[in-house]
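Descriptive analysis of the structure
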Amino acid sequence: MNGKGIASVGSSSRANGVNSVGSVATRISANEPLSVAAALAGQRVLNTGTTGFIAKAVLEKLVRDVPGIASIVVLLRGSRAQPDAAQRFQAEVLRASGSGREITKVVVTRPGGEEETYRGSIVVVACGAINSAALLLRSGLANASGVVGQHYMCHINSAMLSISKEPNATRFQKTLGFNDYYYDSGDPEFPHPLGHIQMLAKSDRSILRGGAPRLVPGFALDYIAKHAVDFWLTTEDLPQPSNRVTLERDGTIRVSYGNKNLEPHRRLIRKLKNLLPHLGMHPHLVPNEIARDKRIPLEGVAHQCGTVRFGTDPRTSALDVNCKAHELDNLYVVDTSFFPSSSAVNPALTAMANALRVGDHLLERLDATTTTTPLEMPA
Ligand SMILES: Cc1cc2nc3c(=O)[nH]c(=O)nc-3n(C[C@H](O)[C@H](O)[C@H](O)COP(=O)(O)OP(=O)(O)OC[C@H]3O[C@@H](n4cnc5c(N)ncnc54)[C@H](O)[C@@H]3O)c2cc1C
């Protein structure tokens, strides 16, 4: 891209200001009970980022649970198995001008190995917190503070499953959550935040089969699936310089992470267990072998954030409050890398809100005006 354009690295839909999974225009009256199936019936849904896990899960759910949907438009980025896919590329390195104040080139490689160079008066990086840090480290840019790659956070999460005495017929249960222990445990001997508890997508037989021993009969899994109430518990991950993204000599990306702040998480789980009998559930959680009741392992990088933190002090942060690199005039990083702390709630809405905020700043900087154009979708 040339001239006044923006070169956007990383196909994060948030960064481009386009809502991701399931953009749908619909009106729901405040007096009607909220029903996803009713809201989507007859609608056309645009699904972007469909090669990603979340979009696939949403797509599967829509097809299965909302038969009345009019149509689903899927935007696909080619996979590595389709090297001719025109859209696929990997940003390798950013090159700065002689003064070091400006990115002059974005060098990308195509799956076949061909290199291409892109230019933009502004460069926006949104490759996700691990890959954005890696890109900056590879490029040797924006890191006078030394914080790039440091303070990797991913939340302290547990997926848990309890069994209700009554069948749980809910399909879309994930919208419910509570924050009674978010700021304070309520226990005088441990007056600290514990975190957030929300529902998790409903388990079904096939999900349970994945974690169950081979000999568990199908009818047992059906019973559990019918009565399962699924929870997702989140405790804040604290920013530690030693939890970090680094590059090996051969360019391999390494994520080093050590658990901290586990005590509040243990207490949060205990709080939930103690609540179960009051909620019409069996008092114990299902054993690990059959259902999920465990911490997400290191490779579960879903809530990755914090590796290119923003702040007001260039000595302790890589980005300023507009997510522009302190040291460069035209480099922005707008994915979850900018988080200086991780809170204890899911990150996507914060990332989207910030990307829109930075988008407004860029429009102002480019002296551009906004127009709203309705999205055209194929019939
Ligand atoms: C299974 C799962 C479930 C989740 N559930 C939730 C949830 O319920 N709620 C919630 O809030 N969050 C959830 N998340 C987290 C949420 O998806 C992320 O926080 C969010 O996607 C982060 O946005 P991002 O823009 O920082 O990065 P991403 O969405 O990861 O986008 C980065 C993009 O950059 C591309 N890229 C990477 N490197 C390069 C490169 N060198 N060159 C070019 N492109 C590159 C990647 O292919 C990707 O498309 C979930 C994540 C996962 C994996």
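So, here's what we can say about the structure. Throughout this description, residue numbers start from 1 for each chain and increase along the sequence as written. Selection of residues for local features in this predicted model requires a pLDDT of at least 70, selection of side-chain atom pairs for listing and counting requires 80 or more, and totals for whole chains, interfaces and linings are taken over all residues. Side-chain metrics rest on all non-hydrogen atoms present in the structure, leaving aside hydrogens and water.

Here we come to the overall build of the chain. Under the DSSP-based scheme used, a helix requires at least four consecutive residues in state H or I and a strand at least two consecutive residues in state E, with every element numbered from the N terminus. Counting its regular elements, the chain contains seven helices and 16 strands. Three labels apply to residues, based on accessible area from a 1.4 Å probe with only protein chains included: buried if under 20% of the type maximum, exposed if over 50%, partly exposed otherwise in between. In the chain, which comprises 379 residues, the proportion classed as buried is 41%. Considering only intrachain contacts with a sequence separation of at least 6, the fraction spanning at least 24 residues in the chain is 70%. When the accessible surface of the chain is totalled, it reaches about 20,300 Å², and 55% of it is carbon and sulfur. Residue contacts are defined here by distance: any two heavy atoms, one from each residue, within 4.5 Å place the two residues in contact. Exposure was quantified through the Shrake-Rupley algorithm and a 1.4 Å probe, taking into account, for residues, occlusion by the shown protein chains and nothing else.

Stacked, edge-to-face and tilted labels apply to pairs of Phe, Tyr and Trp rings (six-membered ring for Trp) whose centres lie within 6.5 Å, assigned for plane angles under 30 degrees, over 60, and everything in between, in that order. Enumeration according to the criterion identifies four aromatic pairs in this entry. Residues Phe310 and Phe338 carry aromatic rings whose centres are separated by 4.9 Å and whose planes lie at 75° to one another, so their mutual orientation is edge-to-face. Of the two residues, Phe310 sits in the loop between strand S15 (294-295) and strand S16 (331-333) while Phe338 sits in the loop between S16 and helix H7 (348-365), which places them 28 residues apart along the sequence. Here Phe338 falls in the buried class, since its relative accessible area comes to 6%. Ring plane angle 80° and centroid distance 4.9 Å describe the contact between Phe338 and Phe339, whose orientation is recorded as edge-to-face. These aromatic residues form a ring-pair network of at least three members: Phe310, Phe338 and Phe339. Just above the ring of Phe190 sits the side chain of Arg267; from NZ or CZ to the centre is 4.1 Å. Cation placement over rings: the criterion is NZ of Lys or CZ of Arg within 6 Å of the ring centroid and within 35° of the ring normal.

This part takes up the pattern of salt bridges. Every case where a carboxyl oxygen of Asp or Glu lies within 4 Å of a side-chain nitrogen of Lys or Arg is listed as a salt bridge. Per the counting criterion, the structure on display carries eight salt bridges. Here Arg205 ties to Asp222 by a salt bridge, and the two come within 3.2 Å at their closest N and O atoms. Linking Arg205 in helix H4 (residues 205-211) with Asp222 in helix H5 (residues 218-227), this pair joins segments that are 17 residues apart in sequence. Judged by its relative accessible area of 41%, Arg205 falls in the partly exposed class.

Right, let's get into the pairing of strand S7 (residues 122-125). Where burial is concerned, the two faces of S7 agree: the one with Ile122 and Val124 and the one with Val123 and Val125 are both buried. Both S7 and S16 contribute to a ladder of three bridges, which runs parallel. Directly across from Val123, in S16, lies its bridge partner Leu331. Here, any two strands with at least 2 DSSP bridges between them count as paired.

Okay, the environment of Trp232 next. Relative to the assigned elements, Trp232 resides in strand S11 (residues 228-235). Sequence-wise, Trp232 and Ile197 are 35 residues apart; in three dimensions their C-alpha atoms are separated by 5.9 Å.

Right, let's get into helix H6 (residues 262-275). One less than the number of residues in a helix, times 1.5 Å, gives the span that helix is expected to have. With 14 residues, H6 extends 20 Å from end C-alpha to end C-alpha; this agrees with the ideal 20 Å at 1.5 Å per step. When H6 is considered as a whole, its buried residues turn out to be Pro264, His265, Arg267, Leu268, Ile269, Lys271 and Leu272.

What follows covers the nonpolar core. Nonpolar cores were defined as sets of buried Ala, Val, Leu, Ile, Met, Phe, Trp, Tyr and Cys residues, with membership established by side-chain atoms within 4.5 Å. Grouped together as the largest cluster of nonpolar side chains are 38 residues, with contacts concentrated most on Leu94, Leu136, Val308, Leu319 and Leu331. Secondary structure elements with two or more residues in this core: strand S4 (90-96), strand S5 (103-109), S7, helix H3 (129-139), S16 and H7. Those residues in contact with Leu94, other than ones at most four positions away along the chain, are Ile103, Lys105, Val106, Val123, Val125, Leu135, Leu136, Ser139, Leu141 and Leu331. Counting 14 residues, the second-largest nonpolar core is a separate cluster that includes Met160, Ile197, Leu233 and Leu276.

Two faces belong to every sheet, and in a regular strand the side chains alternate between them. Counting buried residues along S5, five of its seven residues qualify, which places the element largely inside the surrounding structure. In this structure, S5 lies alongside strand S6 (residues 115-118), joined through four bridges in antiparallel fashion. Bridge assignment links Val106 to a residue of S6, and that residue is Tyr118.

Attention now moves to H7. Over its 18 residues, H7 runs 25 Å from end to end, which matches the ideal 26 Å to within 8%, given 1.5 Å per residue. Looking at H7, one finds that the buried residues are Ala351, Asn354, Ala355, Val358 and Leu362. Looking straight down H7, one finds its buried side chains confined to an arc of 105°; they lie on one side. Residues of H7 that are exposed and angled more than 90 degrees away from the buried face: Leu349, Asp360 and Glu364. Directly beyond the C-terminal end of H7, a positive phi value near 60° is found at Asp367. Picture the helix axis, draw a direction to every C-beta atom, and the arc is the one those directions span.

This part is about unusual backbone geometry. In this model, Ala142 sits at a positive phi of 65°, which is unusual for a non-glycine residue. Positionally, Ala142 belongs in the loop between H3 and strand S8 (156-164). Looking at Ala142, the relative accessible area reads 2%, which means it is buried. We note that Ser343 has phi near 55°; this positive angle belongs to a residue other than glycine. Looking at Ser343, the relative accessible area reads 25%, which means it is partly exposed.

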